[in-house]
Amino acid sequence: MNKNKVLVTGGAGYIGSHACVELLQAGYQVAVVDNLANSKLESLSRVQQITGKSLSFYQADIRDKQALTDIFATESPSTVIHFAGLKAVGESCEQPLTYYRNNVYGTLILVEVMAEANVKQLVFSSSATVYGQSSCNQYTEDFPLGAINPYGRSKTMIEDILRDLSAADKINQTEFPWKIALLRYFNPIGAHESGMIGEDPNGIPNNLMPYVAQVAIGRLAQLSVYGDDYPTRDGTGIRDYIHVVDLVKGHIKAIEAFNSQKFEGGACKAYNLGAGKGYSVLEIINTFEKVTGRSVNYKISPRRAGDLAECFANPELALKELDWKVEKNLEDMVADTWNWQNKNPDGYI
Ligand code: NAD
Ligand code: WQD
């Protein structure tokens, strides 16, 4: 087993490609498995340009057990960061089975192959979506779970599976127990400061920041602000936006923690990755206009079904146990989003 090698599933995607940059720059060797269902190989070519380092790439589906088994045999990683998954909430409501098969079944195959290869360090991309809706706006990790859509439930199911897997180690007194970090992301935005990699959504974006950026560059005509009658400071929804580079640094901190006392004897632990404070939709638009000098054409529209008024992380556990906190502010997030959008108006082509 190569202690320095990390296998990254979904590494060609938005967050995965940024993780590859940070891993390579931190001295890790990287192997990526991605079926390119929602990404382009160009992202990994840019990762190699940014870092001046190379990585291995396998175009494979994580549900293909034989392919994964062969990749583990060739690469001998010590750790897996598991980003591969489908992530569109609306689509998950229309096609729940597709989401459960891809996300839940895909993860089952992955951990089976990991167990067979005796690779038992796993960082998993979970989401703030796993938390139940309530009057509480700021979530700690022990807050009751209760996702409200199939995408969110797929993440909750995976968390359950991984917790069960770790608990079984105690019963079986396993010699090499699982070390698993469930990282619950809040709202990742931004791009690498080079502007060479960033978020490249297929079709019309669902999420606020890529939508704002595409309006500002002229690809989309107008942003709809979903509701200005929420009980928030300006009536629009408040979220905890986190720079994607800060987010991926949290993954490296989790890998480092696997070697510390925190994970001695094995554990499966959840950590919020967020800034711990929120911004409203109007604050995002205003900051975008201020930082970029572009105006963002918008109109107030009805609320979007399923949206909360306000949601942000309590990130204290990640600070205490992973020594991680965000370093970048909203201006950085906006400037880096714009730099990426400006340099790549049509995304990766
Ligand atoms: P993304 O779509 O850009 O990246 C996911 C990657 O996984 C893509 O490259 C896709 O081709 C690949 N993939 C999907 N299914 C696969 C499969 N069966 N086999 C192999 N590869 C597969 O998404 P992202 O924004 O980079 O998100 C990464 C992870 O983080 C996802 O699991 C997502 O659910 C989670 N997450 C994202 C956000 C967000 O707002 N972006 C928030 C919370 C959690
Ligand atoms: C942010 C705010 C909208 C678009 C989603 C997923 C979640 C997670 C991250 C993966 C809200 C408002 C948005 C627009 C708007 N993904 N908005 N006009 O809804 O917090 O989270 O992405 O795990 O699962 O649900 O993020 O960026 O869609 O919305 O007014 O065109 O912007 O109402 O207040 P959200 P978002």
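Because the structure is a prediction, the values reported are computed rather than measured.

Analysis parameters
- Each chain has its residues counted from 1, following the order in which its sequence is written.
- Chain A is the first chain written and ligand 1 is the first ligand written, with later ones labelled in order.
- Where totals are concerned, whole chains, interfaces and linings use all residues; where local detail is concerned, this predicted model gives features only for residues with pLDDT of at least 70, and gives and counts side-chain atom pairs only at 80 or more.
- As a convention, hydrogens and water are excluded, and side-chain values are obtained from all of the structure's heavy atoms.
- In this description a helix means any DSSP run of H or I spanning at least four residues, a strand means any run of E spanning at least two, and both kinds are numbered starting from the N terminus.
- Atoms counted for the radius of gyration: C-alpha only. Globule rule: 2.2 Å times the number of residues to the power 0.38.
- Whether a residue is buried, partly exposed or exposed follows from its accessible area with a 1.4 Å probe, protein chains only, as a fraction of its type maximum: under 20%, in between, or over 50%, in that order.
- The contact criterion used is simple: two residues touch if any of their non-hydrogen atoms lie within 4.5 Å.
- The protein chains shown are the only cover counted for residues, whose accessible areas, like all others here, come from Shrake-Rupley with a 1.4 Å probe.
- Just so you know, the count uses Lys and Arg for positive and Asp and Glu for negative, and it drops His and the chain ends.
- Where a charge lies is defined by one atom per residue type, namely NZ (Lys), CZ (Arg), CG (Asp) and CD (Glu).
- Residue proximity to a molecule or strand is established when one non-hydrogen atom of the residue lies within 4 Å of it.
- What qualifies as a polar contact is a pair of N or O atoms within 3.5 Å, subject to a donor-acceptor requirement within protein and to the restriction that residues adjacent in sequence count only when both atoms come from side chains.
- Note on residue classes: Ala, Val, Leu, Ile, Met, Phe, Trp, Tyr, Cys and Pro are nonpolar, Asp, Glu, Lys and Arg are charged, and everything else, Gly too, is polar.
- By definition, two strands form a pair when at least two bridges between them are found by DSSP.
- Each residue after the first adds 1.5 Å to the expected span of a helix.
- Salt bridge, as used here: a side-chain nitrogen of Lys or Arg that lies within 4 Å of a carboxyl oxygen of Asp or Glu.
- For every element, the axis is a line fit to its C-alpha atoms; helices are fit only across the contacting stretch, and the angle between N-to-C directions ranges from 0 to 180 degrees.
- Working rule for angles: under 35 degrees goes down as roughly parallel, over 145 as roughly antiparallel, 65 to 115 as roughly perpendicular, anything else as oblique.
- We call a crossing left-handed when the near helix sits turned anticlockwise from the far one by less than a right angle, and right-handed when that turn is clockwise.

**Student:** Which residues make up the overall build of the chain, and what values go with them?
**Tutor:** For the chain, the count of helices and strands is 11 helices and 15 strands. A globule of 349 residues ought to have a C-alpha radius of gyration of about 20 Å, and the chain, at 20 Å, matches this closely. Overall, the C-alpha framework of the chain stretches about 60 × 45 × 40 Å when taken along its three principal axes. Within the span of the chain, comprising 349 residues, buried residues form 55% of the whole. Long-range pairs, those at least 24 residues apart, make up 80% of the contacts in the chain between residues at least 6 apart in sequence. As presented, the chain carries roughly 14800 Å² of accessible surface, and 48% of it is formed by carbon and sulfur atoms. The distance from the centre of the 33 positive side-chain charges to the centre of the 40 negative ones in the chain is 1 Å.

**Student:** Account for the site of ligand 2, with residues named and values stated.
**Tutor:** With respect to spatial proximity, 18 residues lie near ligand 2, and among them Thr129, Tyr151, Ser224, Arg239 and Asp307 are the closest. In the model, an oxygen atom of ligand 2 is placed 2.9 Å from a nitrogen or oxygen of the Asn207 side chain. Contact between ligand 2 and Arg304: an oxygen atom at 2.8 Å from a side-chain N or O atom of the residue. Here ligand 2, which alone exposes 680 Å², has 87% of that area covered by the protein. Ranked by residues supplied to the shell around ligand 2, first place goes to strand S9 (residues 223–226) with four residues.

**Student:** Outline the site of ligand 1, supporting the account with residue identities and numerical values.
**Tutor:** Residues in close proximity to ligand 1 total 27 residues, the closest being Asp34, Asn38, Ser39, Lys87 and Tyr151. Asp34 has a polar side-chain atom sitting 2.6 Å from an oxygen atom of ligand 1. Take Asn38: an N or O atom from its side chain is 2.7 Å from an oxygen atom of ligand 1. Bound to the protein, ligand 1 loses 95% of the 810 Å² it would expose on its own. Residue assignment for the shell around ligand 1 shows that the elements contributing at least two residues are helix H1 (14–25), strand S5 (121–127) and helix H6 (150–172). Split by residue class, the shell around ligand 1 holds 12 nonpolar, 10 polar and five charged.

**Student:** Tell me about the pairing of strand S15 (residues 310–313), and name the residues and values.
**Tutor:** Burial along S15 is two-sided: Glu310 and Phe312 and Cys311 and Ala313, pointing in opposite directions, are all buried. Looking at chain direction, strand S6 (residues 138–139) and S15 are connected through two bridges and run parallel. Counterpart to Tyr139 in the pairing with S15 is Ala313. With two bridges connecting them, strand S10 (residues 238–239) and S15 associate as parallel partners. Counted as the bridge partner of Ile238 is Glu310 from S15.

**Student:** Explain helix H8 (residues 244–258) residue by residue, including any values.
**Tutor:** For H8, with 15 residues, the first-to-last C-alpha span of 22 Å sits near the 21 Å given by 1.5 Å per residue. Most of H8 sits inside the fold, with 12 of its 15 residues counted as buried.

**Student:** Could you give an account of the side chain of Asp169, with specific residues and numbers?
**Tutor:** Mapped onto the secondary structure, Asp169 falls in helix H6. The side chain of Asp169 is buried and forms no salt bridge, while Lys120, the nearest opposite charge, is found at 4.0 Å. When near neighbours in sequence (up to four residues on either side) are disregarded, Asp169 contacts Lys120, Thr174, Pro177 and Trp178.

**Student:** I'd like to hear about the packing of helix H7 (residues 208–217) against helix H11 (residues 330–343), residue by residue, with values.
**Tutor:** One can describe the packing of H7 onto H11 by two numbers: an axis separation of 10 Å at closest approach and a directional angle of 55 degrees. Here H11 runs oblique to H7, going by the angle between their axes. Our pair here, H7 against H11, has a crossing hand that is right-handed. Contacts between H7 and H11 involve Met209, Ala213, Gln214, Ala216 and Ile217 from the former and Val334, Thr337, Trp338, Gln341 and Asn342 from the latter. A breakdown of the residues in the contact of H7 with H11 according to their chemical character gives six nonpolar, four polar and no charged.

**Student:** Before we move on, could you go through the pattern of salt bridges and cite the residues and values that matter?
**Tutor:** Under the definition given, this model contains 18 salt bridges. Taking the shortest distance from any N to any O, the salt bridge between Arg63 and Asp61 comes out at 2.7 Å. In this structure, Arg303 engages Asp229 in a salt bridge whose closest nitrogen and oxygen atoms are separated by 3.0 Å. Taken as a pair, Arg303 in the loop between strand S14 (298–301) and S15 and Asp229 in the loop between S9 and S10 lie far apart in primary sequence, 74 residues in all. Take Arg303: its relative accessible area is 44%, and that puts it in the partly exposed class.

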